[in-house]
Amino acid sequence: MNKRRRQLLLAAVLAPVMATASMVPSFAADEVTISHYFTGELGQKGLKDILEGFKAKSGITVKDSPIGHEDFKTGILVRAAGNALPDVFSYWAGARTQFVIDAGDLRPIDGMWNKAGLDNVVAKSVADGATKYDGERYLVPFGYHYSGLFFNKAVMEKAGILEAPKTWEEFLAACEKLKANGVTPIALGSKNRWPAQFWFDYLILRTAGPDYRAKLMNGTASYADPEVKKAMGLWKSMVDKGYFVENANADSWTDASDKVARGDAAMTLMGTWITGYWNSIGLKPGEDYDFYPFPEVTAGVPNAVVGPVDGLVISANAKNPEGAEQLLEYLVSDPEAQAKWANIQGALSANVNVEKSNYNAVMLKALDTIDAAQTFAFNYDLSTPPPVAEVGLSMFARFMDDPSKVDVILDETQASAASAFAE
């Protein structure tokens, strides 16, 4: 791995997490080490049970070292830069996976993929879009998600909103009805920045379209372009009208979810993992909550949906690569493990052998929404290289702090993004 790439890896992370680089796992032939971000409300207990199932079938112990979702983003890159990666780690498909491949830190899995017959297991659309990089397989999809407008059914019905808004005009009218009924229309918890990205994603996709967004993500379009200014102008108008909760940057995504659950706000734009969280606190899918797709903004623009694919990868320097391959094969191939994970985490399975009966009504609706879309787009911070994603995520948080400075923020973002791309 070249010196410059190592410098870029280190530049992409924060100094306070350098301590994680010392977490070099011990090795045993009958042990596989794994690190992941599925902690707390994201399914840690359920994953532990699934890993125990793997041990029962294979005889291989999995040494698990979970890291909090936000700390993982920086911590895993520090470990990569320090040659201290575990055998297996969870990672998001898209630009982040490409970044660590470019750094020489992942092991191709084509042999395992073919031997296990995963072409007959993983849905082709997911396999084509998420698992192959530079002509080789590197990732197995553990689950994937869809981002939509999840809402409190009772609150919407009380405001007289009985049908999902399909156009931007209908959506704004619904927001006005909710305000008139004394309810804040939209909860957003952008304390950790990433929840705000879905608004940017959909507003760009619904106005400028997927092709333009792809150019913005790869650096051939500019944050100072009219297309970006139009999308941000729509977002600013919504904030100015009081459609969002106040002080969104003070709340986490679960805080925003709680506000919708309590009826303090009507809806939140979030991924399907919110269903796993809401189900865990006693809400009933289809009764207490539901979702609708992000409405059409500009007629004729291709219908795109947004979401992440949670993947599993093997490090290039894995101490037990054979055991790691067995673990990846089990986690993606075993229908029982896949169904269990889908229910615990509020995920959709890429395993074609998982019966639809494993999904609740809301998740089935999400699956149908994805199937009906013309494009599945990875969310913002998975579509552009990590150093650039850091720039954009900070842009969203700055915007929510003071939307009046949107033009200045966009100009500064473009300068920083251009610099990050140049490196």
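Here we summarise the structure given alongside this text. Source: prediction; values computed, not measured.

### A word on the overall build of the protein
- Broken down by element type, the protein carries 19 helices and 13 strands.
- Taken over the C-alpha trace, the protein has a radius of gyration of 21 Å; the compact-globule value for 423 residues is 22 Å, and the two agree within 12%.
- With respect to the principal axes defined by its C-alpha atoms, the protein has extents near 65 × 50 × 40 Å.
- Going through the 423 residues of the protein one by one, you find that 57% of them count as buried.
- When contacts within the protein are restricted to residue pairs at least 6 apart in sequence, long-range pairs at least 24 apart make up 78% of them.
- As displayed, the protein offers around 16,700 Å² of accessible surface, 49% of which is attributable to carbon and sulfur atoms.
- If the 40 positive side-chain charges of the protein are averaged to one point and the 52 negative ones to another, these points end up 2 Å apart.

### Thoughts on the environment of A80
- Its location among the elements puts A80 in helix α3 (residues 69–81).
- Exposure remark for A80: the relative accessible area of 1% places this residue in the buried category.
- Between the C-alpha atom of A80 and that of N353, which follows or precedes it by 273 residues, the distance is 34 Å.

### Here we look at the sheet that holds strand β7 (residues 147–152)
- Ordered in space as β8-β9-β7-β10, the four strands form an open sheet in which the pairing is mixed. On the outer flanks of this sheet lie β8 (184–186) and β10 (289–292), each paired with one strand and no other. Neighbouring strand axes in the sheet, compared pairwise and without regard to direction, differ in orientation by 25° on average.
- Note: β7 against β10, four bridges, orientation antiparallel. In the strand pairing of β10, N152 is matched with Y289.

### Quick look at unusual backbone geometry
- Within the chain, N83 stands out as a residue other than glycine whose phi angle is a positive 50°.
- Its location among the elements puts N83 in the loop between α3 and β3 (88–92).
- In this model, R193 sits at a positive phi of 75°, which is unusual for a non-glycine residue.
- For R193, the position within the fold is in the loop between β8 and α9 (197–207).

Calculation criteria
Residues numbered from 1 in each chain as written. Predicted model: local features only at pLDDT ≥ 70, side-chain atom pairs only at ≥ 80, totals over all residues. Heavy atoms only, no water. Helix = DSSP H or I, 4+ residues; strand = E, 2+ residues; numbered from the N terminus. Rg over C-alpha atoms; globule rule 2.2 N^0.38 Å. Buried < 20%, exposed > 50% of the residue type's maximum accessible area, 1.4 Å probe, protein only. Contact = heavy atoms within 4.5 Å. Areas by Shrake-Rupley, 256 points an atom, 1.4 Å probe, with all protein chains shown as cover. Lys, Arg positive; Asp, Glu negative; His and termini not counted. Charge placed at Lys NZ, Arg CZ, Asp CG, Glu CD. Pairing = 2+ DSSP bridges. Axes fitted to C-alpha atoms, helices over the stretch in contact; angles between N-to-C directions.

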